[in-house]
Amino acid sequence: MTAKFPGRPQRLRVRLLPLGGAVAQRLRGFKSAEPEKTVKRSSRRTGVNLQFFPVQPTSLVLKGASSPFFVAPARRNRCDLAVLNAQHLLRKPVCDLKAPLGLSCLAGTAALFFSFGVKREHPPARHFPPLLIVLFTGGTRAMQRTEKYFEQDAFRTQCESIILAAEPDEKTGGGRIALDGTVFYPEGGGQPADRGTLTLPDGATLNVTDVHEHDGILWHSVDALPGSAVPGTAVSGCIDWEWRFDKMQQHTGEHILSGILHQMFGAENVGFHIGSEAVRMDTSVPISAEGLQAAELAANRIVWQDVPVLVSYPTLEELAALVYRSKKEIEGQVRIVTIPGADVCACCGTHTRTTGQVGQIKILASENYKGGVRLSVVCGQRALLAAQAMRARQAEIGALLSAKADQTAVAVHRVYDEYTALKFTHFGVCSQLFDALAQLANPGEDAIRTVPGLDPDGLHRLAVRLTEATTGLCAALTPTEKGTGYCIAQADGDVRALTKALNAALNGRGGGKPGICQGSCAAAPEQVEEFLRKTK
């Protein structure tokens, strides 16, 4: 690709950046080039005459430099000029450009290496070391695509990269950094982004909290953006391996289970997300509990066989003859992940090398969802932790019920039956109590009764029973941790206005129909009764 230059350039924005000595020895990957077309520019303010040569791009790596040699990309429709080793430029000098010695290029940029001669009348003419000139012809569209090291090796945890661009983030107080290559996986395809650190040459460590891809460029969100984090700076990246490997286990396990469900039931995976606690999977068809249990067993058999997880990049002809799963149409090169005996799927995520590294696949829960089922699944270490948590809960239940581990279900059923019997007895006793309280009410007079321990249903039953004994205002009250639960009623009356006033006066909430309203408030039962008698 040939570097592009605008026909009618905008105003040049010149940035002068110092670069350490021995520049020539630190440049690698230089390639000689013959000028195809020259673009001449002149700066009136500085009097510097510059000549740029469009050339074929090649890679450049600057090792051991004490200062950056690239500047941030210009805004769109602008050109940026960067002159390195700027301390050698005198004020208003006249510089003669020699023939270019080589070049470096980021996609859409051209960097030329020139030998400068600086002339002045006073003092006598002096010559200075070579300068590296970088012309940027656009914004982020002009940057090269980030090389994704994780696609070739998901087990790679570190990388040495060059900052392509850096910009502050006013919302977080940190910033975003684009790299020429990275081991950090960006959020996408249901898989969260990697976390980790970026370390600058001066020792500053930036925490990477998120990664997103835009137009082939991977932007790393960092918690801080120091002045030394500028384009051209070398940076060391290191991912949080425990975080990454967990996502690899979940993602590979999802492939296995999705492939098995497709084989057994023709189910398509229509939704997938790796959450903080479990993997959410949505299928296109309903599947019974027995079917899920059979699929879970078949998926774990694939894990036990420890078959390789294969990644391939088929040609268009090969892809046309291949049967594979894909949630959407994919443009360009398709990356195929194959798990023999289980799944063939288009996927850009990170996966284990073999299925044995998934460890275990466990379906924790399922529910009907949009004509299919929504599954909660855990794999690998998450499956182990889930089993340990279940065992701990079972041990606690067993201790409470004096039951062995394999008898807890029987013990729970026994306690439930006892609870149901007690609840029925309690209902009968409360009915007798409510009848007795109603008998104490005089016809036509108010009946306000306080009974501890009533639930909302008990309050409602008592209030209704009181209205059967009197046409006056009736109220059932019970003390609670936060105040009082109430139910206000009146035969052939409307208690909504009174309930509204009660809520306003005693910090309550509730409502209902004209003849009966129910709720709670922050006051004690005595205060509620006093308010009702004064306000009715």
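Our structure's up above, just so we're on the same page.
Residues numbered from 1 in each chain as written. Predicted model: local features only at pLDDT ≥ 70, side-chain atom pairs only at ≥ 80, totals over all residues. Heavy atoms only, no water.

A. Geometry of the overall build of the protein chain. For the protein chain, the count of helices and strands is ten helices and 32 strands. For the protein chain, the proportion of its 536 residues judged to be buried stands at 44%. Residue pairs at least 24 apart in sequence account for 64% of intrachain contacts in the protein chain once pairs closer than 6 positions are excluded. When the accessible surface of the protein chain is summed, it comes to about 28600 Å², and 53% of that surface belongs to carbon and sulfur atoms. (Helix = DSSP H or I, 4+ residues; strand = E, 2+ residues; numbered from the N terminus. Buried < 20%, exposed > 50% of the residue type's maximum accessible area, 1.4 Å probe, protein only. Contact = heavy atoms within 4.5 Å. Areas by Shrake-Rupley, 256 points an atom, 1.4 Å probe, with all protein chains shown as cover.)

B. Representation of the pattern of salt bridges in the model. As enumerated under the stated definition, the model contains 16 salt bridges in all. With a shortest N-O distance of 3.9 Å, Arg 280 and Asp 282 are connected by a salt bridge. On the basis of relative accessible area, Asp 282 is assigned to the buried category, the value being 6%. For the salt bridge of Glu 468 with Arg 465, the shortest nitrogen-to-oxygen distance reads 3.3 Å. (Salt bridge = Lys/Arg side-chain N within 4 Å of Asp/Glu carboxyl O.)

C. Seen up close, unusual backbone geometry. Even without being glycine, Asp 306 reaches a positive phi, approximately 55°. Tracing the backbone through its elements, the reader meets Asp 306 in the loop between α4 (289-305) and β23 (310-312). Non-glycine residue Ser 402 carries a positive phi angle of around 55°. Here Ser 402 is to be found in the loop between α6 (381-401) and α7 (408-439).

D. Quick look at the sheet that holds strand β24 (residues 336-339). With respect to topology, three strands assemble into an open sheet ordered β23-β24-β25, the strand pairing being antiparallel. The open sheet is flanked by β23 and β25 (343-346), the only strands paired with a single partner. Taken pair by pair, the neighbouring strands of this sheet meet at an average axis angle of 20°, ignoring direction. Judged from the three bridges that link them, β23 and β24 form a sheet pairing that is antiparallel. For Leu 310, the partnering residue across the bridge sits in β24 and is Thr 338. This element, helix α3 (residues 241-265), spans β24 and β25 of the sheet and lies at about 70° to β24. (Pairing = 2+ DSSP bridges. Axes fitted to C-alpha atoms, helices over the stretch in contact; angles between N-to-C directions.)

E. Expanded view of the packing of α6 against α7. At a minimum axis separation of 10 Å, α6 and α7 run at an interaxial angle of 50°. Regarding the angle of α6 to α7, the classification is oblique. When you trace α6 past α7, the crossing you get is left-handed. Judged by residue contacts, Gln 394, Ile 397, Gly 398 and Leu 401 of α6 engage Thr 408, Ala 411, Val 412, Arg 414 and Val 415 from α7. Of the residues in the contact of α6 with α7, the class split is five nonpolar, three polar and one charged. (Parallel < 35°, antiparallel > 145°, perpendicular 65-115°, else oblique. Left-handed = near helix turned anticlockwise from the far one by under 90°. Nonpolar A, V, L, I, M, F, W, Y, C, P; charged D, E, K, R; others polar.)

F. Looking closely at the layout of surface pockets. Its boundaries defined by the atoms lining it, the largest pocket holds a volume of some 900 Å³. Lining the largest pocket are 33 residues, with Gly 189, Lys 328, Ile 330, Cys 347 and Cys 348 sitting closest to its centre. Contributing elements (two or more residues each) for the lining of the largest pocket: α2 (149-152), α3, β21 (269-274) and β25. The dominant element in the lining of the largest pocket, judged by the number of residues it contributes, is α3, at three residues. For the lining of the largest pocket, the class distribution of residues is eleven nonpolar, eleven polar and eleven charged. (1 Å grid on protein atoms, 1.4 Å probe; cavity = no way out; pocket = protein on both sides within 12 Å on 5 of 7 lines; lining within 4 Å. Points joined across faces, edges and corners; volume = space filled by probe spheres on them.)

G. Spotlight on helix α8 (residues 456-467). Over its twelve residues, α8 runs 17 Å from end to end, which matches the ideal 16 Å to within 8%, given 1.5 Å per residue. Where α8 is concerned, the buried positions are Gly 458, Leu 459, Arg 461, Leu 462, Ala 463, Leu 466 and Thr 467. (Expected span 1.5 Å × (residues − 1).)

H. View of the side chain of Glu 151. Of note, Glu 151 is situated in helix α2. With sequence-adjacent residues up to four places away left out, Glu 151 is seen in contact with Tyr 313 and Arg 335.

I. Broad picture of the side chain of His 220. With respect to the helices and strands, the residue His 220 is situated in strand β19 (residues 217-222). Overall, the relative accessible area of 0% leaves His 220 in the buried class. A distance of 3.3 Å separates a polar side-chain atom of His 220 from the backbone oxygen of Leu 218. Beyond its immediate sequence surroundings of up to four residues, His 220 is in contact with Gly 175, Arg 176, Ile 177, Leu 179, Thr 182, Phe 184, Leu 198, Val 208, Asp 210 and Val 211. (Polar contact = N/O pair within 3.5 Å; in protein donor to acceptor, adjacent residues only side chain to side chain.)

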